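# Architecture and fold: a report
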Amino acid sequence: MRPLRVTALLASALLAATACGSSQPAATPAGPTELTVWHYWDGANAQTFQTLAQRYEQQHQGVKLKLVNVPGAELLTKLQTAATSRTLPDVAIGDLVWVPRLAQTGRLADLKPHIPAAVWSDIYPEMLTFGSAQGRQLSIPVSANTLAMMYNTDLVKQAGLDPARPPRTWEELRQAAKTILDKTGKPGFELFTQPGDNGEGVTWNFQVTLWQAGGEFLTADNTKAAFNSHAGRKALTFWSDLVKDGSSPLGPWGAFEKGAAASAQEGSWMVGIWKDKPPFPFATAAIPHPADGKPATNMGGEQAVVFDTSKDVKAASAFLGWFADQNLEWSKTTGFLPTRRSIAESGDYLSSLDPLTKPFVDALPTARARPASPVYPKVSLAFAKQVEQALHGRKSVEAALADAEREVNEILAAGQ
């Protein structure tokens, strides 16, 4: 999911501060070496990364970092192609869901021995699942984001509701959404209802609702669908009921962001995007969950890998270990959420935090990981298409989940 943007002025100001880490740095590589790093960050995020890379070079005189920006739409394909011709960079940083597909190349190095144990133990465990394989750790989280609820305080007030008291449960959300529709003529809560070309908007958001209801998306070994369950039917019925009574609009995503719906489940990056020029007054809150359920959110962000074709795997891993120790500065400067618990809970970080971002940070301990499967993109699209059928009333909730289960199991069994 897309990163946050902050102004270059803020980036420069924070980068002038002294770096802060919570563990001993990885061993300094011996001898001169040049490491090539591919990433897709741009704007202020790329500038921040470049400044940190320059600082690393200053502190480690034998290392030169060559940062190469590759557009996000091209990076994964370019890496997969490079793997076949052995023209891979030393390090790549990309969307966390890419890690299983990069692992399929057979070219990912084990980072675990080269990065201090204090770093690994401080990272939210769920973030490590994408790169965990048979006791090895093939990736390290370098940025994070989560989902929370954002709402238009003007529309909430127009409906006679108190913006300072957002709904906390599914039932409260249903009641508030219907009240807003009745009083303002605008839907109270926007859902993702169209799969688009990859389905992930629907699937990524629905998984939150499923987890809140106590369900799982796939089995623990990622070999079969698990969503066709009591929890799955409860979650999809909740979505379907919101659509049926008009509280959630059927159509392309974006109604909330255009002021045409009162609230939505949005990513933490939206706070940064709207920080200077919000389209309307807004507030943020935890995502409502069922009264008999539990809080949950979905995680996004970037992870870094080292390829075993690197001229110096230890040096490349050492840089990533050092970068992990800059998580406080990186998070404060870019607006990404911390990957490390000690940072997310530190007074230094929390004292600088925009109150609008706090619900997203508070959600980190409840953040769940999507299945770490190389065929997940196909699974996501197949599932989302069936959800769309239910939301449009073309299939019952039960039939849509049963058909999704059959299609997903076929994809998982094929494994490609």
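Our structure is the block above this text.
The text that follows walks through the structure, step by step, so that each part is easy to find. (Residues numbered from 1 in each chain as written. Predicted model: local features only at pLDDT ≥ 70, side-chain atom pairs only at ≥ 80, totals over all residues. Heavy atoms only, no water.)

Taken as a whole and judged by the stated rule, the model has 26 aromatic pairs. When the centroid spacing of 5.4 Å and the interplanar angle of 45° are considered together, the rings of F206 and F383 count as tilted. Here F206, found in helix α8 (residues 200-212), pairs with F383, found in helix α16 (residues 376-391); they are 177 residues apart in sequence, far enough to count as distant. With respect to class, F206 is no different from F383; both count as buried. Both rings, one in F319 and one in W322, keep their centres 6.3 Å apart while their planes meet at 20°; by these two values the pair is stacked. With a gap of three residues between them, F319 and W322 both fall in helix α11 (residues 313-324), about one helical turn apart. (Phe/Tyr/Trp six-rings, centres within 6.5 Å; stacked < 30°, edge-to-face > 60°. Helix = DSSP H or I, 4+ residues; strand = E, 2+ residues; numbered from the N terminus. Buried < 20%, exposed > 50% of the residue type's maximum accessible area, 1.4 Å probe, protein only.)

Right, let's talk about the sheet that holds strand β2 (residues 63-69) for a bit. Taken in spatial order, the five strands make up an open sheet running β2-β1-β3-β11-β6, and their pairing is mixed. Edge positions in the sheet fall to β2 and β6 (140-141), since each has one partner strand and no second. As paired elements, strand β3 (residues 91-95) and strand β11 (residues 302-306) share five bridges and run antiparallel to each other. Bridging across to β11, V91 finds its partner in V306. Sitting on the sheet, helix α3 (residues 72-85) touches β1 (33-39) and β3, and the angle it makes with β1 is about 135°. Across the sheet, α11 lies against β1, β2, β3, β6 and β11, angled at about 155° from β11, the strand it touches most. (Pairing = 2+ DSSP bridges. Contact = heavy atoms within 4.5 Å. Axes fitted to C-alpha atoms, helices over the stretch in contact; angles between N-to-C directions.)

Moving on to the pairing of β11. Buried residues dominate β11, accounting for five of its five residues. Of the two faces of β11, the one carrying E302, A304 and V306 and the one carrying Q303 and V305 are both buried. Taken together, the two bridges between β6 and β11 define a ladder with antiparallel strand orientation. When the sheet's bridge partners are listed, P141 is paired in β11 with Q303.

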